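# Report on the structure
Given next are the chains, with one letter for each unit.
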Amino acid sequence: MKTLITGGAGYIGSHCVKKFLEQGHEVVVLDNLSRGHQEAVPQNVELEVINLLDADKLKPLLEKHKIEAIVHFAAFAYVGESVESPAEYYQNNVVGSFNLIKAAAEIGIKKFVFSSTCSLYGNPDSIPISEEESIKPINPYAKTKMMVENILADFNRAYGLNYVALRYFNAAGADPSGSIGESHEPETHLIPLVIQTALGEREKILVFGDDYKTEDGTCIRDYIHVNDLSDAHLKALEYLNDGNESTAINLGTGSGFSVLEIIKEVEKIADAPVKFEIVDRREGDPAVLVADNKKAKKLLGWSPQNKLSDIILHALNWHKNPKY
């Protein structure tokens, strides 16, 4: 099956490209390289440097490559930035996605896997979070993902475009080969920030609040290895290929770790101290976000294979010798 992977030069997208190639899929990458890295795309994979806002270029691209399925990662993904620049996020994430979905429907593509987010649940009413939790996003980034899920649902009903929306919890880690990993500018994710501090690249890590109703007072999150995410995308495409109905599925491990637990684990694996400073809470940070992943196990036959120690070890090895 020939698959277009948008955002395939980005963090999760590049790992997904590697996984799909290993499983014998033909892959074409679409990325405008505004935030991705060309070095993350294998040389034997065709890279189309196109912006999804250039709507007139999308149908010709899909037809040129005879694309049969789409895995859609391309999006801006900084919560804080989305609050400061919502216009940019709605245009890039919603309009760009709409252009792609419309082009896919017009030429009859029936399989679409969408990179969504657990941020849709906002401050959840229950933990662990199932797909039955109410959708109440609290920032523009999450609202853009909600809108794209709504577009997909409407196109599924009207035009038969079948989809799976995968709602990630906290993506982390790197490929064990060390060939690809996490490289953001600016970096906002906890595990790379803690690792960079352990490696002496940062003076300290800021811990936003230690007065939450958790065992050590710091926020708890569900960290999932990027290769486990990639495996889930492959299984989601297989699920659609088998003729199953469109749906949304959480991707997480079902286990949570606090900020201070992450710091301690990095100190242990890196064998280096991590200096941190407790500062005020960030507005909108829930105390605990942990996935109920029963639906992923049932429908996709998927379960995460990597532990927190694997996530940190693989990320540490990447950050010691980044390729881009």
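Residues numbered from 1 in each chain as written. Predicted model: local features only at pLDDT ≥ 70, side-chain atom pairs only at ≥ 80, totals over all residues. Heavy atoms only, no water.

## Points about the sheet that holds strand β4 (residues 69-72)
Formally: A pair of strands is considered paired only if DSSP assigns at least 2 bridges between the two. A helix here means a DSSP run of H or I that spans at least four residues, while a strand means a run of E at least two residues long, and both kinds are numbered starting from the N terminus. To define axes, lines are fitted to C-alpha atoms, for helices over the stretch in contact only, and angles between the resulting N-to-C directions are given on a 0 to 180 degree scale. Contacts: residue pairs with any heavy atoms within 4.5 Å of one another.
The strand order across the open sheet formed by seven strands is β3-β2-β1-β4-β5-β6-β11, and the pairing between neighbours is parallel. Every interior strand has two partners, whereas the edge strands, β3 (46-48) and β11 (247-251), have only one. Averaged over all pairs of adjacent strands, the angle between their axes in this sheet comes to 20°, without regard to strand direction. Bridge count for β4 against strand β5 (residues 111-117) is four bridges, and the pairing is parallel. Each residue of the ladder has a partner; that of I70, found in β5, is F112. Here helix α1 (residues 11-22) sits on the sheet and contacts β1 (2-6), β2 (26-30), β4 and β6 (162-168); the angle it forms with β1, its principal contact strand, is near 165°. Contacts between helix α4 (residues 86-106) and the sheet are confined to β1, β4 and β5, with β4 contributing the most and set at about 170° to the helix.

## Quick look at helix α7 (residues 226-241)
As a reminder, the rule being used: A helix is expected to span 1.5 Å multiplied by its residue count minus one. Residue burial is assigned from relative accessible area. The probe radius is 1.4 Å, only protein chains are included, and a residue is buried under 20% of its type maximum, exposed over 50%, and partly exposed in between.
In this model α7 runs 23 Å from its N-terminal to its C-terminal C-alpha over 16 residues, within 8% of the 22 Å that 1.5 Å per residue would give. The buried fraction of α7 amounts to 13 of the 16 residues, a majority that puts the element mostly inside the structure.

## Quick notes on the state of the cysteines
Quick reminder of the rule: Any cysteine sulfur atom paired with another within 2.5 Å is treated as part of a disulfide.
Going through the model one piece at a time under the given rule, you end up with zero disulfides. Here C16 is not disulfide-linked; the sulfur of C118 is the nearest cysteine sulfur, at 18 Å. Assessed through its relative accessible area of 0%, C16 is described here as buried. With no disulfide of its own, C219 has C118 as its nearest cysteine by sulfur position, at a separation of 12 Å.

## With respect to the side chain of T117
Along the polypeptide, T117 turns up in strand β5. T117 sits in the buried class, given a relative accessible area of 6%. Setting aside anything within four residues of it in sequence, one finds T117 in contact with Y141, K145, L166, R167 and Y168.

## Things to note about the pattern of salt bridges
What counts, and what does not: The working definition used for a salt bridge is a side-chain nitrogen of Lys or Arg within 4 Å of a carboxyl oxygen of Asp or Glu.
Counted according to the given criterion, the structure contains 20 salt bridges. When the shortest N-O distance is used, the salt bridge between D54 and K57 registers 3.9 Å. Since its relative accessible area comes to 43%, K57 is described here as partly exposed. The salt bridge involving E133 is made with K136; its shortest N-O contact spans 3.1 Å. What emerges from the salt-bridge pattern is a single network uniting K18, E22 and D175.

## Overview of unusual backbone geometry
Omega for the peptide link from I127 to P128 comes to 0°, which places this bond in the cis form. Note that P128 resides in the loop between β5 and α5 (140-159). In this structure, the amide linkage connecting E185 to the following residue, P186, adopts the cis form with an omega of 5°. Counting through the fold element by element, P186 comes out in the loop between β7 (170-172) and α6 (190-198).

## Focus: α6
Counting buried positions along α6 yields nine of nine residues, so the element is predominantly enclosed. Those residues of α6 that fall on the buried side of the exposure criterion are L190, I191, P192, L193, V194, I195, Q196, T197 and A198. Of the surrounding secondary structure, the elements contacted by the buried residues of α6 are β7, β8 (205-208), β10 (223-225), α8 (259-270) and α10 (308-320). Positive backbone phi, approximately 85°, marks G200, located one or two places after α6.

## Here's the deal with the side chain of N293
For the record, the criterion: Polar contacts, as used here, are pairs of N or O atoms within 3.5 Å; protein pairs need one atom able to donate a hydrogen and one able to accept it. Residues neighboring in sequence count only if both atoms are side-chain atoms.
Structurally, N293 can be placed in the loop between β14 (288-289) and α9 (294-300). Here G252 takes part through its backbone oxygen, which lies 2.8 Å from a polar atom of the side chain of N293. Of note is the side chain of N293, whose polar atom sits 3.3 Å from the backbone oxygen of T253.

## Focus on the packing of α1 against α7
We apply this condition: Relative orientations are named as follows: roughly parallel for angles under 35 degrees, roughly antiparallel for angles over 145 degrees, roughly perpendicular for angles from 65 to 115 degrees, and oblique for any other angle. The sense of a crossing depends on the near helix, which, turned anticlockwise from the far helix by less than a right angle, makes the crossing left-handed and, turned clockwise, makes it right-handed. Residue type decides the class: Asp, Glu, Lys and Arg count as charged, Ala, Val, Leu, Ile, Met, Phe, Trp, Tyr, Cys and Pro as nonpolar, and the leftover types, Gly among them, as polar.
Where α1 contacts α7, the axes come no closer than 9 Å and their chain directions differ by 60°. As judged from the angle between their axes, α1 and α7 are oblique. The interaxial crossing formed by α1 with α7 has right-handed handedness. Between α1, through Y11, I12, H15, C16, K19 and F20, and α7, the contact on the second element is made entirely by V226, N227, L229, S230, D231, H233, L234 and L237. Its residues placed into classes, the contact of α1 with α7 shows eight nonpolar, four polar and two charged.

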